[in-house]
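A look at the structure
Letter by letter, the chains look like this.
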Amino acid sequence: AQTVTQSQPEMSVQEAETVTLSCTYDTSENNYYLFWYKQPPSRQMILVIRQEAYKQQNATENRFSVNFQKAAKSFSLKISDSQLGDTAMYFCAFQNRDDKIIFGKGTRLHILP
Amino acid sequence: ETGVTQSPTHLIKTRGQQVTLRCSSQSGHNTVSWYQQALGQGPQFIFQYYREEENGRGNFPPRFSGLQFPNYSSELNVNALELDDSALYLCASSSPKGNGYTFGSGTRLTVV
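Residues numbered from 1 in each chain as written. Chains lettered and ligands numbered in written order. Predicted model: local features only at pLDDT ≥ 70, side-chain atom pairs only at ≥ 80, totals over all residues. Heavy atoms only, no water.

Quick word on the overall build of chain A
Applied cut-off: Secondary structure elements follow DSSP: runs of H or I no shorter than four residues count as helices, runs of E no shorter than two count as strands, and numbering proceeds from the N terminus. Using C-alpha atoms as the atom set, the radius of gyration is obtained and then compared with a globule rule of 2.2 Å times the number of residues to the power 0.38. Whether a residue is buried, partly exposed or exposed follows from its accessible area with a 1.4 Å probe, protein chains only, as a fraction of its type maximum: under 20%, in between, or over 50%, in that order. A contact between two residues is defined here by any heavy atoms of the two lying within 4.5 Å. Methods summary: accessible areas were calculated by the Shrake-Rupley approach with a probe of 1.4 Å, and residue burial reflects only the protein chains presented. Charged-residue counts in this description rest on Lys and Arg as positive and Asp and Glu as negative, His and the chain ends being excluded. By convention, the charge on Lys lies at NZ, on Arg at CZ, on Asp at CG and on Glu at CD.
Per the secondary structure count, chain A includes zero helices and 12 strands. Counting helices and strands in the order they occur from the N terminus, chain A gives β-β-β-β-β-β-β-β-β-β-β-β. Taking 13 Å as the expected radius of gyration for a compact globule of 113 residues, we find that chain A reaches 13 Å, a close match to that expectation. Projected onto its principal axes, the C-alpha positions of chain A cover 40 × 25 × 20 Å. A total of 113 residues make up chain A; the buried ones form 51% of that total. Counted over contacts in chain A with a minimum sequence separation of 6, partners at least 24 positions apart contribute 53%. Accessible area of chain A: about 5,500 Å², with a carbon and sulfur share of 46%. In chain A, which carries 12 positive and 11 negative side-chain charges, the distance between the mean positions of the two groups comes to 5 Å.

See below:
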């Protein structure tokens, strides 16, 4: 079975600091997609960043970047210069060849002023 | 382009009742997926519809059923509601594969 594991239930960092959220996954597939989603208190699930497994280059979106280690099945999210608006639940997600997305249990991130 | 819209936003039902949740997919998206998100948990896959046909199902009992219409909007029906069905129900649409899903804001269902 394909699984996504987020080992950090909750994290807090000071505004402007850098924070890294961890994620590991398990799959026997070779081609797949990985995502980080953000869910603020408004409940809207927002796509933060995506990574295609066949691309070795780590994806970057402004202050958000990933460290994708395919052999280790690791996909961490780094948030640089964190802002108060980054406070949210963050979900790591895996999309398999059947086009289904599987989510981890999430990491609650608090950005402190 | 419009996003994914879900209705209603909140709902309270009594155990044993039936409920229908609705979702309008983003323009151009032909795949709709439904998720159940319990408080403090990650979303759990219920099922997916592609061009009006069920295209995969998660570990949910048959009392969870769905429909997709020709305009790609979708319904989630839950019969014989149980207290544990209380959750946020998220609808997501997608097309093509690999671009991730676009989510609605969800329906908060409370079963009392």
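Focus on the nonpolar core
The condition is simple: Grouping buried Ala, Val, Leu, Ile, Met, Phe, Trp, Tyr and Cys residues that are joined through side-chain atoms within 4.5 Å yields what is termed a nonpolar core.
Counting 26 residues, the largest nonpolar core has Tyr 25, Trp 36, Phe 75, Leu 77, Tyr 90 and Leu 109 of chain A as the members making the most contacts within it. The element best represented in this core is strand β10 (residues 88-95) of chain A, accounting for four residues. Excluding residues that lie within four positions of it along the chain, Leu 109 of chain A makes contacts with Met 11, Val 13, Val 19, Ile 79, Asp 86, Thr 87, Ala 88 and Tyr 90 of chain A. Membership of the second largest hydrophobic core comes to 20 residues, among which are Val 19, Ile 46, Phe 60 and Val 78 of chain B.

Focus on the layout of surface pockets
Quick note on the threshold: Cavity: a set of points on a 1 Å grid over the protein atoms alone where a 1.4 Å probe fits but cannot get out. Pocket: an open set with protein on both sides within 12 Å along at least five of seven lines, its lining residues, like those of a cavity, having an atom within 4 Å of a point. Grid points are joined across faces, edges and corners, and a volume is the space filled by probe spheres set on the points. In this classification, the charged set is Asp, Glu, Lys and Arg, the nonpolar set is Ala, Val, Leu, Ile, Met, Phe, Trp, Tyr, Cys and Pro, and all remaining amino acids, among them Gly, are polar.
One number sums up the size of the largest pocket: a volume of about 310 Å³. Lining the largest pocket are 18 residues, with Gln 39, Pro 40, Met 89 and Arg 108 of chain A together with Gln 37 of chain B positioned closest to its centre. When contributions to the lining of the largest pocket are tallied by element, the ones reaching two or more residues are β10 and β12 (107-112) of chain A. Taken together, the residues of the lining of the largest pocket break down into nine nonpolar, six polar and three charged. Looking at the second largest pocket, its volume works out to about 260 Å³. Lining of the second largest pocket is provided by 16 residues; of these, Ile 101, Ile 102 and Phe 103 of chain A together with Gln 44 and Phe 45 of chain B occupy positions nearest its centre. Those elements that provide at least two residues to the lining of the second largest pocket are β1 (3-5) and β11 (101-103) of chain A together with β5 (44-50) and β6 (53-57) of chain B.

Quick notes on the interface of chain B and chain A
To keep it simple, the criterion reads: A quick way to say it: buried area is the sum, across both parts, of accessible area lost when two parts are put together, with a 1.4 Å probe. Basic side-chain nitrogens of Lys or Arg form a salt bridge, by our definition, when they fall within 4 Å of a carboxyl oxygen of Asp or Glu. The term polar contact refers here to a pair of N or O atoms within 3.5 Å; inside protein, the definition further demands a hydrogen-donor-capable atom paired with an acceptor-capable atom, and it admits residues adjacent in sequence only when both atoms are side-chain atoms.
Counting residues at the interface gives 27 residues for chain B, matched by 20 residues for chain A. Both sides of the chain B and chain A interface together cover about 1,900 Å² of buried area, and 47% of this is carbon and sulfur. For the pair chain B and chain A, the interface holds zero salt bridges. Inspection of the region where chain B meets chain A yields 13 residue pairs in polar contact (both at pLDDT 80 or more). Class assignment for the residues of the side of chain B that touches chain A results in seven nonpolar, 18 polar and two charged.

As for the pattern of salt bridges
Applying the stated criterion across every chain yields a total of nine salt bridges over all chains. Between Lys 73 of chain A and Asp 26 of chain A there is a salt bridge; the shortest N-O distance is 3.6 Å. Placement of the pair is Lys 73 of chain A in the loop between β8 (64-69) and β9 (74-79) and Asp 26 of chain A in strand β4 (residues 24-26), with a sequence separation of 47 residues. On the basis of relative accessible area, Asp 26 of chain A is assigned to the partly exposed category, the value being 38%. Close ionic contact of Glu 75 of chain B with Arg 22 of chain B constitutes a salt bridge, the shortest N to O distance being 3.5 Å. Separated by 53 residues along the polypeptide, Glu 75 of chain B in strand β8 (residues 74-78) and Arg 22 of chain B in strand β3 (residues 19-24) bring together distant segments of the chain. Because the salt bridges share partners, they merge into one network encompassing Arg 50, Glu 52 and Lys 55 of chain A.

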